[in-house]
Every structure is written in structure tokens, then in C-alpha cells.
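Analysis of the macromolecular model
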Amino acid sequence: MGEGIRTEIRIDEPDDCPVATASAEAGAVCHHASRSENASGVTEEFLVDAEASEGLEESVSDVDLDEVFTYAINSVYRFDRDAARGCPCEVIEGLEYPIFDIYARNGSLFVSFHVADAEGVREVVSTLRDQYGSVEVENLIRSQQASGDEALAFIDRTELTDRQWEVLRMAYEMGYFDHPKQANASDVAEVLDIAPATLSEHLAAAQTKVFESILDE
């Protein structure tokens, strides 16, 4: 098994993603079903709870939605769009990372893909933030060789509070964890408008949760 990282990211309210828009309008999770390219563009399908989908065709205005199939509890919707639209999935695939899984909830799009290393995660997140602003890493699963056995390290973004995540991310982006350090605790605390002691408390709590996720395995 090769080394790599399975990454799930969240893009908040991408206005060029009909699946995310549909999830907001339906108030339900939209599971991406399939996507295919054709001569005129791209055809996509997704599943949504049948009871929540009433009136969905009229509420998603940027594409023409058609209900094409109904299961016991889910409905399948299909729409056509132009190719090279520049949506989040196309941005990621343009960086040569195939999409592994897609779903949308409350207007946010969740996308999973595989990269070779942490640099790949940074490349995707940085590129998407330039276009969409609010992009967060939800979880990471690292695959590696360990004495001939498989070793998986799972890091769940939701284990951290929003404030812990904000502090941890800012410290990382400012180079607090670099060697030598690019920023000290006072520098990071000043940007976040908190006391250095408060920063240390949040960092300690966040790092403990991250280490627990890895070492408990």
C-alpha cells in the first residue's frame, strides 16, 4: 500500500455548485450520484430525501433540474451544465486530484480526494480559498507502511472547537510550528486579538486532541 492522504474538505456556500444550492433549499443532504461529460457539456445526478425535495426544481435557478427516478425514500435529480465551469470539483481535478466522494449539506459542499502528501492538501486548500474564501479541512486519513502492516491515522476536524481550529490554523499558517519559528506566541495572539496565555491554552487543547487521534490508533 502506498503512502498518501485521503482528505475531506468543506467549501461553504459555493454559489456555482447546484448540488450545494439544492441542499440548502431542501434542508437535506444531497448525495452526489454520478457525473459524465458529453459533447454539449456535463450531466450530473444527485440523490436527496424525497420528502424534502418538493419544489426543488423551481428553487434551484441556475440550472434546469429534472427528477428522473424515485426510490422508497430518495429522489434522483439530473441537470446539465457547461464544461469548464470552474466549480470546486473542476478546480480540484484541474490540479490532477480525482474526486473520490461528494455530498452537500446546508449549502456547503464536502469533497473527498487523495493526495500524495501534505503539500497536496495545502495546494488544493490554497487554490480553493483564492476562489471561494471559506474552505476548511474536515478530516484526514493518512496511509503509510509500518513494519509491513497497514497503519492509518485518522484526524477528525470536528473533534476541535471552532476556536481551537482557528487558533491552530493561524499558528500553522504564520509559521509558529516551523523550525526555526517564523512567528512566536505573541505574534499569533496579536493577530487573533487574544492574550498569549489564552492562545497557549487553545493550542494545548487542540494539539492534545490531534495527538490523541493519532496515538490512540
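Everything numeric here is computed off the predicted structure, so don't read it as measured data. Sequence order sets the numbering: in each chain, residues are counted from 1 along the sequence as written. Since the coordinates come from a predicted model, pLDDT governs what is reported: local features require at least 70, and pairs of side-chain atoms require 80 or more to be given and counted, while whole-chain, interface and lining totals use all residues. Computation of side-chain values: all heavy atoms of the structure, hydrogens and water removed.

Points about the environment of glutamate 136
For clarity, the threshold we go by: Numbering of helices and strands runs from the N terminus, with a helix taken as a DSSP run of H or I at least four residues long and a strand as a DSSP run of E at least two residues long. The rule is simple: take the accessible area with a 1.4 Å probe, protein chains only, and divide by the maximum for that residue type; under 20% is buried, over 50% is exposed, in between is partly exposed. Polar contacts here mean pairs of N or O atoms no more than 3.5 Å apart (in protein, one a potential hydrogen donor and the other a potential acceptor; neighbouring residues in sequence count only if both atoms are side-chain atoms).
If you trace the backbone, glutamate 136 turns up in strand E8 (residues 135-146). By relative accessible area, which is 11% here, glutamate 136 ends up buried. A C-alpha to C-alpha distance of 9.6 Å links glutamate 136 and tryptophan 165, two positions 29 residues apart in sequence. Looking at glutamate 136, its side chain comes within polar contact range of the side chain of tryptophan 165, at 2.6 Å. A polar contact is formed between the side chain of glutamate 136 and the side chain of arginine 169, at a distance of 2.6 Å.

Quick notes on the environment of proline 196
Heads up, the rule is: The contact definition used throughout considers only heavy atoms, calling two residues in contact when any of these lie within 4.5 Å.
Here proline 196 is to be found in helix H7 (residues 196-215). Assessed through its relative accessible area of 38%, proline 196 is described here as partly exposed. Note: C-alpha distance between proline 196 and asparagine 184 (twelve residues apart in sequence) is 9.5 Å. Leaving out residues up to four positions away in the same chain, proline 196 has contacts with Ser186 and Ala189.

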